[in-house]
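# Observations on the three-dimensional arrangement
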Amino acid sequence: MKQERQEENTSIRLPLKDLVDLGGSFVRWGSLSMGGLCLLIYSNEIGQFPEGLNLGEGLAFYLVCAGFWLVYSLYVVILTALGSVLMAWPARVAYEVHRRKRVSTEARRSSVDLRVDFSPMYEFPCIAFGLLGLLVLGIYALSDAMGAAILFALALLQGLFVATFLLVRRRHIYFASGLLVHSDTHEDVRRKRATTTLAQRVVIGFIVVAPLVIGSERFALVDAAFRTAQLRKEKAVIHVKKPWSIRVASSKLVPGKSFLGDDYEEFREVKVLLRSVGEKVVIELPQATGGPVKLPIPSSEIFVE
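Let us now look at the overall build of the chain. Of regular secondary structure, the chain possesses eight helices and six strands. Mapped from its N terminus to its C terminus, the chain presents α and β elements in the order α-α-α-α-α-α-α-β-α-β-β-β-β-β. Residue burial in the chain is summarised as follows: out of 305 residues, 35% are buried. Restricting the contact set of the chain to residue pairs at least 6 apart, pairs at least 24 apart contribute 70%. Carbon and sulfur atoms provide 64% of the accessible area of the chain, an area that totals close to 18300 Å².

Take a look at the structure:
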């Protein structure tokens, strides 16, 4: 009997171990894929694709992926909180009007009156993040009114999704209780419970994905991810080896003495567009006339502090 139990436990552990391995592989390769996708978008925007890219750059991909999800999560939370606060009162009013219209109808007599609590939409965390979002939106509107208007509309859409989720969630809780009303059978309740479960997942999916699909700030998010991962630096101090330093000095950047020796020159306030990925570091050179020029420099010939 003891041996049979051991064999049974072993048969349970093996699938669990395989499941954990599968989950680990999914997270690992999913992170690499997300990091690679961000790199493609970013490279397209700056007009420079990293040369000599190989699988050894996996750490950079992980950093980009982590940076992207960190920035994007904050972006979604602030937008959703702002939309929730703005849509809480309209959602409650619209729901009460709908309830009153159903009071004397036949549909009302054959259904259960489920009151929906919209208070989570204006609790303290939502108000705090919502005020932060409103402040950021106001500052952003000073430089790009159209972009701010799009973000405001997106926030309202997020609030609508939250109100929809609360409606569906209330029905799901009711069906999960197992109560039978009127002509409903156990099979009807199970089917409706499964439907509301799926509906909740769909609404959550919309809340998570909508800001990326509809929003106009895709590159800004990717750019912020590269800054978070320290693969892009706005005002960096670099040390460039000759003869590459001569090319850099031909721009508006002023060379200085480098602590790396006479073969190097130091440059300050340099915009580093891409580093630690591939065989070259891409920097931006401001010109006396015309727009800035992008210059890829071999990684062995440049040091970024």
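Moving on from the coordinates now.
This part is about the confidence of the model for the chain. For the chain, per-residue confidence averages 77 on the pLDDT scale, and 74% of positions sit at 70 or higher. Of all secondary-structure elements in the chain, the lowest mean pLDDT belongs to helix α3 (residues 106-109), at 51, while helix α4 (residues 124-143) reaches the highest, 89. Confidence drops under pLDDT 50 across residues 1-14; counting only partners more than four residues distant or on other chains, this segment forms zero contacts.

On to the nonpolar core. Note that soluble globular proteins tend to have their nonpolar side chains buried in a common cluster. Core analysis: the largest hydrophobic core is formed by 25 residues, its most contacted members being Tyr-42, Phe-68, Tyr-75, Phe-226 and Leu-274. At the level of elements, α1 (2-46), α2 (58-102), α5 (145-176), α7 (218-228) and β3 (264-274) are the ones that each hand at least two residues to this core. If one sorts the elements of this core by residue count, α2 sits on top with seven residues. Of all hydrophobic cores here, the second largest spans 15 residues; its members include Ile-283, Leu-285, Ile-297 and Ile-302.

We now examine unusual backbone geometry. Here the residue pair Lys-242 and Pro-243 is connected by a cis peptide bond, since its omega of 5° sits within 30 degrees of zero. Structurally, Pro-243 is set in the loop between β1 (233-241) and α8 (244-249). Even without glycine at this site, Glu-269 takes up a positive phi of about 60°. Tracing the backbone shows Glu-269 in strand β3.

This brings us to a nonpolar patch on the surface. Among the surface-exposed residues, Leu-74, Val-77, Phe-129, Leu-132, Leu-135, Val-136 and Ile-139 lie close enough to one another that they form a single nonpolar patch of about 610 Å² accessible area. When contributions to the nonpolar patch are tallied by element, the ones reaching two or more residues are α2 and α4. Per-element accounting of the nonpolar patch gives the leading share, five residues, to α4. In this fold, Leu-135 is placed in helix α4. Using a relative accessible area of 55% as the deciding quantity, one classes Leu-135 as exposed.

Moving on: the environment of Ser-251. Mapped onto the elements of the fold, Ser-251 is located in the loop between α8 and β2 (256-257). With 36 residues separating them in the primary sequence, Ser-251 and Gln-287 have C-alpha atoms 5.3 Å apart. Setting aside anything within four residues of it in sequence, one finds Ser-251 in contact with Leu-285, Pro-286 and Gln-287. Here the side chain of Ser-251 touches Val-248 through a polar contact of 2.6 Å, landing on its backbone oxygen.

Summed over all chains, the structure comprises four aromatic pairs. When the ring of Tyr-72 is compared with that of Tyr-75, the centres are 6.2 Å apart and the planes differ by 45°; the resulting orientation is tilted. Residue Tyr-72 and its partner Tyr-75 are both found in helix α2; the two are separated by three residues, about one turn of the helix. By the burial criterion, Tyr-72 is buried, and Tyr-75 matches it. Seen in terms of ring centroids, Tyr-95 and Phe-118 are 5.9 Å apart; in terms of plane orientation they differ by 65°. Their pairing is edge-to-face. Placement of Tyr-95 in helix α2 and of Phe-118 in the loop between α3 and α4 is noted, with a sequence separation of 23 residues between them. Just as Tyr-95 is buried, Phe-118 falls in that class too.

Moving on to helix α6 (residues 186-214). If you check α6, its first and last C-alpha atoms are 40 Å apart, about what 29 residues at 1.5 Å a residue would give, namely 42 Å. At Val-208, α6 shows its largest kink, close to 40°, and the proline Pro-211 lies no more than four residues downstream. For α6, the complete set of buried residues consists of Val-189, Thr-196, Gln-200, Val-203, Ile-207, Ala-210 and Pro-211.

Along its 20 residues, α4 runs 30 Å from first to last C-alpha, staying within 8% of the 28 Å computed at 1.5 Å per residue. Looking only at α4, the buried set comprises Cys-126, Gly-130, Gly-133 and Leu-137. End-on, the buried residues of α4 take up no more than an arc of 65°, which puts them together on one face. Pointing more than 90 degrees away from the buried face of α4 are the exposed residues Phe-124, Leu-131, Leu-135, Ile-139, Leu-142 and Ser-143.

Cut-offs applied
- Residues numbered from 1 in each chain as written.
- Predicted model: local features only at pLDDT ≥ 70, side-chain atom pairs only at ≥ 80, totals over all residues.
- Heavy atoms only, no water.
- Helix = DSSP H or I, 4+ residues; strand = E, 2+ residues; numbered from the N terminus.
- Buried < 20%, exposed > 50% of the residue type's maximum accessible area, 1.4 Å probe, protein only.
- Contact = heavy atoms within 4.5 Å.
- Areas by Shrake-Rupley, 256 points an atom, 1.4 Å probe, with all protein chains shown as cover.
- pLDDT = per-residue confidence, 0-100.
- Core = buried A, V, L, I, M, F, W, Y, C linked by side-chain atoms within 4.5 Å.
- Patch = residues over 30% accessible without salt bridge, like charges linked within 9 Å, V, L, I, M, F, W, Y side chains within 5 Å.
- Salt bridge = Lys/Arg side-chain N within 4 Å of Asp/Glu carboxyl O.
- Polar contact = N/O pair within 3.5 Å; in protein donor to acceptor, adjacent residues only side chain to side chain.
- Phe/Tyr/Trp six-rings, centres within 6.5 Å; stacked < 30°, edge-to-face > 60°.
- Expected span 1.5 Å × (residues − 1).
- Bend = angle between axes of the 7 residues up to and from the residue.
- Arc of directions from axis to C-beta.

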